[in-house]
Amino acid sequence: MRVFFVLLVFLTGSPTSVNALPVTEEDRVGIDFRRTTLVVRDIETSLKLYRDVLGMKVIYDHPIRTPAGKPDEETDRIRRLVFLRANDTYIGVLGLLEYQKPRKTQPLDRLAFEPGTSVQLFATTDLEAKFDAARKVPGVEAMSPPRVVNYPSYDGKGTIPVKVSVISDPDGFVLEINEPMVNLDVERN
């Protein structure tokens, strides 16, 4: 019941008015979903969207050289790994990984909500401004401008209005940026 309440408040409240609560000890499961890592062509371009527009904070930024040990210019693989956080440093972290040596090319498929794609969801209180700024980042495609979508409430007796937009980042990853339109004041049990 408590997990249901936390999810309901999250979906219906504004992001700044909701304090994410850990689940109770008896409701914990044996795994944490910590991070999603996106393999990108150019981390600096990706940072313009995730850090500069969406406001995520960089918490890790290091090159990774393999094999470890004495550097060998001929055989070393070099990658750059960046972690960004929203409001938690342990869960919900976004990783960006760029293969710098050897460079890897990736197909650029901009598929939204199709089997085999993933969608990163970001909630904000200023969707219009973030959507406009995101469209200006090189390689970002505006797939669906902000519009109100009415999701069925958990009890099925009402709706939860959410302003929703969809973009793809410079590497074709799909992002939904949304803004809940209601805030329920529900007494916690």
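Residue numbers here run from 1 along each chain, matching the order of that chain's written sequence. Residue-level local features of this predicted model are given only where pLDDT is at least 70; pairs of side-chain atoms are given and counted only at 80 or more, and the full residue set underlies all totals for whole chains, interfaces and linings. Only hydrogens and water are removed before side-chain values are computed, so all heavy atoms of the structure are retained for them.

A.B. asks: Is there a simple way to think about the overall build of the protein chain in this case?
C.D. replies: Only DSSP runs of H or I reaching four residues or more are called helices, and only runs of E reaching two or more are called strands; each is numbered from the N terminus. The number of helices and strands found in the protein chain is 3 helices and 8 strands. Reading the protein chain from its N terminus to its C terminus gives the helix and strand order α-β-α-β-β-β-β-α-β-β-β. Every one of the 189 residues in the protein chain was classed for burial, and the buried ones make up 35%. The contact criterion used throughout is that any non-hydrogen atoms of two residues lie within 4.5 Å. Put simply, 62% of the contacts in the protein chain that link residues at least 6 apart link residues at least 24 apart. Each accessible area is a Shrake-Rupley result for a 1.4 Å probe, and residues are judged covered by the shown protein chains and nothing else. Only carbon and sulfur atoms are counted for the fraction: they give 54% of the accessible area of the protein chain, which is about 11800 Å². Classification of residues uses two cut-offs on accessible area relative to the type maximum, computed with a 1.4 Å probe and protein chains only: under 20% is buried, over 50% is exposed, and between them is partly exposed.

A.B. asks: What is the right way to read helix α2 (residues 43-53) from this model?
C.D. replies: Each full turn of the α-helix corresponds to 3.6 residues, which orients residues three or four apart in the same direction. Those residues of α2 lying buried are I43, T45, S46, L47, L49, Y50 and V53. Where α2 terminates, the next one or two residues include G55, which has phi positive at roughly 90°.

A.B. asks: Whenever I open this one, helix α3 (residues 127-135) confuses me. Can you help?
C.D. replies: Turning to α3, its buried residues are L127, K130, F131 and A134. On an axial view of α3, the arc spanned by its buried residues comes to 100°, and they lie on one face. Its buried side turned inward, α3 meets α2, β6 (141-152), β7 (159-168) and β8 (174-180). Throughout, the arc means the angular range of directions from the helix axis out to the C-beta atoms.

A.B. asks: What's the story with the pattern of salt bridges in this structure? I'm lost.
C.D. replies: Side-chain pairs of opposite charge can arise where the charged atoms are in close proximity. Basic side-chain nitrogens of Lys or Arg form a salt bridge, by our definition, when they fall within 4 Å of a carboxyl oxygen of Asp or Glu. Here the structure, examined in full by the defined rule, presents 10 salt bridges. A salt bridge links R80 to D61; its shortest N-O distance comes to 2.8 Å. Within this pair, whereas R80 is found in strand β3 (residues 77-85), its partner D61 is found in strand β2 (residues 57-66), the two being separated by 19 residues in sequence. Two residues, R65 and D76, come together in a salt bridge whose shortest N-O distance is 2.6 Å.

A.B. asks: Hey, could you run me through the environment of S165 in this one?
C.D. replies: Mapped onto the secondary structure, S165 falls in strand β7. By relative accessible area, which is 0% here, S165 ends up buried. Each C-alpha atom, one on S165 and one on E128, is 9.0 Å from the other, the two residues being 37 residues apart in sequence. Ignoring sequence-local partners within four residues, the contact set of S165 consists of L127, F131, S144, P145, P146, L175, E176 and I177.

A.B. asks: Honestly, the sheet that holds β3 in this entry has me stumped. Any pointers?
C.D. replies: The strands making up a sheet associate through hydrogen bonds between their backbones, and the pairing can be parallel or antiparallel. Whether two strands pair comes down to DSSP finding at least two bridges between them. With mixed pairing, the 4 strands of this open sheet are ordered in space as β1-β4-β3-β2. Sheet topology places β1 (35-40) and β2 at the edges, where each strand pairs with a single neighbour. The average angle at which neighbouring strand axes cross in this sheet is 20°, direction not considered. Two strands pair when backbone bridges link them, and β1 and strand β4 (residues 93-101) are joined in this way by 6 bridges, in the parallel orientation. Bridge assignment links V40 to a residue of β4, and that residue is E98. Contacting β1, β2, β3 and β4, α2 crosses the sheet at an angle of about 5° to β3. For helices, the fitted axis covers only the stretch in contact; all axes are lines through C-alpha atoms, and the angles between them, taken along N-to-C directions, range from 0 to 180 degrees.

A.B. asks: Would you mind going over the packing of aromatic side chains with me for this structure?
C.D. replies: Each aromatic ring pair is specified by the distance between its two centres and by the angle formed by the two planes. Pairing of aromatic rings covers Phe, Tyr and Trp, the last through its six-membered ring, and needs centres within 6.5 Å; plane angles under 30 degrees mean stacked, over 60 mean edge-to-face, and all others mean tilted. For the structure shown, the criterion picks out 2 aromatic pairs. Consider the rings of Y60 and F83, whose centres lie 4.7 Å apart with planes at 25°: the pair is stacked. In this pair, Y60 is assigned in strand β2 and F83 in strand β3, connecting sequence segments 23 residues apart. For Y60, a relative accessible area of 30% corresponds to the partly exposed category.

A.B. asks: Explain the confidence of the model for the protein chain to me, please; I cannot follow it from the model alone.
C.D. replies: Fine structural detail should not be taken from predicted coordinates in areas where pLDDT scores are low. Looking at the protein chain, pLDDT values average 81 and 77% of them are 70 or higher. Of all the helices and strands in the protein chain, helix α1 (residues 2-12) carries the lowest mean pLDDT, 38, while α2 carries the highest, 97. A score from 0 to 100, pLDDT tells how confident the predictor is in each residue. Note on residues 1-19: pLDDT under 50 across the span, and 36 contacts to partners over four residues away in sequence or across chains. Predicted confidence is poor over residues 184-189, with pLDDT under 50, and the contacts of this stretch with residues over four places away or in other chains come to 7 contacts.

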